[in-house]
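Residues per chain, in single letters:
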Amino acid sequence: MFGQSAIAGRLFGRLSMGMLRRHYWVFLGLVLVSYLPNLFHAYVGEEANYTIMSMEMWQRQMFLSVVSFGGVGGRPPLYNWLMIPLAQLLGWPHVLLAARLVTLGATLGTAGVLGLWARFLWPGTSAGRVAPLLYLVSADVLLYRGWLAYADPLFAFLMVTAVFLLWWSAQHERRSVLLLSLLVIFASYLTKVVTAYVFYGVCWLVLLSQREYRRFLLEPRNWGVYVLGLFPMGLWLAVVGRQDAIQVHWQMQDVTSKLLTVGSVPSYLFKLVEFPFTILLGLLPGVLWVGWGLWSQRQQPWPIPVRLLLFMGLLNFFPYWIAPQSAARYVLPEYGFVALLATYYLVHHGSLFVRPRFDPARWIGGFILLGLLVNGWAFPYYQKKVRGENYAAMARKVETLAGETPIYNLDWSSVGLSVVALIESGNFSRPAIILPPPGFTDGVVIAYTPHDISGDRMMILKEQSEQIYLVCRGRGCQGFAGVAQ
């Protein structure tokens, strides 16, 4: 890894935009190399939520609803559908790798779609090659969001694909492509949440601002296409929603709580400032060229594609900005809009960025080098010394203490979930860990606080900076003998 970084450093020190064009595949290859170490990191955040669901779905052979700790229902299951066959192929001890292969594949898929989209908007230029590279070197995507085993990268891939197909259908007046875009946005809903349709609807409304697109999109014969495209959603809610009411109720409750639950006024005001600032940092370096390009060209009318992309992005960003609760991952689909806008300014107004502080080649090269260093060395070091690798040691100790008695869970923190996931994937033949049943007499409970449940004995299990509580009853306490409490 250090050898690669040294080579990259010597190369980037002599960059020019012409060199970037000539050695495009070298730069793209280095970007892909910088992503590879991320596949093998220890659990991060709440990644275990998804792997636990997949393992329990497979054990119970239930696939229309997610299953977690014995509870059926919640979020839609498409991410798990893709993860399960990969885990079967790789082996369930590698379920986290399977989950990250899906998310990394979705990230690369998004980059590929953006390349097609840029080529569609600006044919005859290098836009189709620039856009994927800009997306992949975006700070938040490169260093965190693009590989994390959450549903968001797959969600973003399908939403970006759906809007590209919608735009392409309006430009070329193809009903079959319009229908395909509606089917893809349904797949996006199956990945996470119903807001996929809100995103799609906003982009549809923005396209209506152009008369030539409006004529096709509002054509009477196309209303049948819309009905047909929405039919899978209706069928899903009618069939699965009847069996899994939690799936529908949870999504609506989750959306409304984030929009309406306001804490203190100072914290909300801080969020209004902090949220866009965080997003802008995550969008570097592409947002740098978008901002300077818009400012430098402020006296000139925006080209139609630029105007449409700007309004699609801003209108979809606004609800997450003013919502009391939101996160950067919720607006991941909009990162593609910034990559496309940056591509436009680099390809069509490259002379704006001749100053060293705006030099695209140096910024891109610098972020590739940053990705190689952070993903290949800094983050693994952090996981070894602070948190991450200690989860596996905690999981082994829990199994040793519990012996053959059941293990239950009441810890919903990232630490507790990661420990549970490692226990289950490491011994997949063992029944899935569930919530402690009322009145159980034997077993060990992983708890977040010592007051979560009563037991015969309790101990704190610490590894480096993390800890969990273990509460035992009956035969589950046999392994606790002689252990410091």
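Residues numbered from 1 in each chain as written. Predicted model: local features only at pLDDT ≥ 70, side-chain atom pairs only at ≥ 80, totals over all residues. Heavy atoms only, no water.

Participant: Hey, could you go over the nonpolar core for me, with residue numbers and the actual values?
Facilitator: Grouped together as the largest cluster of nonpolar side chains are 153 residues, with contacts concentrated most on Trp117, Trp167, Leu217 and Leu470. Among the elements that line this core, the one with the most residues is helix 6 (residues 95–121), at 15 residues. Residues Tyr408, Phe440, Val445 and Val471 belong to the second largest nonpolar core, which totals 5 residues. (Core = buried A, V, L, I, M, F, W, Y, C linked by side-chain atoms within 4.5 Å. Buried < 20%, exposed > 50% of the residue type's maximum accessible area, 1.4 Å probe, protein only. Helix = DSSP H or I, 4+ residues; strand = E, 2+ residues; numbered from the N terminus.)

Participant: Could you give an account of the layout of surface pockets, with specific residues and numbers?
Facilitator: Considering only enclosed or pocket space, the second largest pocket measures out at about 450 Å³ in volume. If you go around the second largest pocket, you meet 19 residues; those closest to its centre are Leu280, Leu283, Val287, Leu314 and Val338. When residues in the lining of the second largest pocket are grouped by element, the largest group, 5 residues, is from helix 17 (residues 304–322). When its residues are assigned to classes, the lining of the second largest pocket shows 16 nonpolar, 2 polar and 1 charged. (1 Å grid on protein atoms, 1.4 Å probe; cavity = no way out; pocket = protein on both sides within 12 Å on 5 of 7 lines; lining within 4 Å. Points joined across faces, edges and corners; volume = space filled by probe spheres on them. Nonpolar A, V, L, I, M, F, W, Y, C, P; charged D, E, K, R; others polar.)

Participant: Explain helix 9 (residues 152–172) to me, and be specific about the residues and the numbers.
Facilitator: Along its 21 residues, helix 9 runs 30 Å from first to last C-alpha, staying within 8% of the 30 Å computed at 1.5 Å per residue. For helix 9, the tally of buried residues reaches 17 of 21 residues, placing the bulk of the element in the interior. Once helix 9 ends, the next one or two residues include glutamate 173, with phi positive near 55°. (Expected span 1.5 Å × (residues − 1).)

Participant: Explain the sheet that holds strand 6 (residues 466–473) to me, using residue names and the numbers behind them.
Facilitator: If you walk across this open sheet you meet the 4 strands as 3-4-6-5, and the pairing is mixed. What marks the edges here is a single partner per strand, and that holds for strand 3 (407–410) and strand 5 (457–463). Neighbouring strand axes in the sheet, compared pairwise and without regard to direction, differ in orientation by 25° on average. Across 5 bridges, strand 4 (residues 443–447) lies against strand 6 in antiparallel orientation. In the sheet register, valine 444 faces strand 6, and the bridge partner there is cysteine 472. Packing against the sheet, helix 20 (residues 390–402) makes contact with strand 3, strand 4, strand 5 and strand 6, and its axis sits at approximately 155° to strand 5. (Pairing = 2+ DSSP bridges. Axes fitted to C-alpha atoms, helices over the stretch in contact; angles between N-to-C directions. Contact = heavy atoms within 4.5 Å.)

Participant: Explain the packing of aromatic side chains to me, using residue names and the numbers behind them.
Facilitator: A full pass over the atoms with the stated rule returns 29 aromatic pairs. Pairing tryptophan 81 with tryptophan 236 gives two aromatic rings, centres 6.0 Å apart and planes at 70°, and the pair type is edge-to-face. With a gap of 155 residues between them, tryptophan 81 in helix 5 (residues 78–90) and tryptophan 236 in helix 13 (residues 222–243) connect regions that are remote in the sequence. Judged by its relative accessible area of 29%, tryptophan 81 falls in the partly exposed class. (Phe/Tyr/Trp six-rings, centres within 6.5 Å; stacked < 30°, edge-to-face > 60°.)

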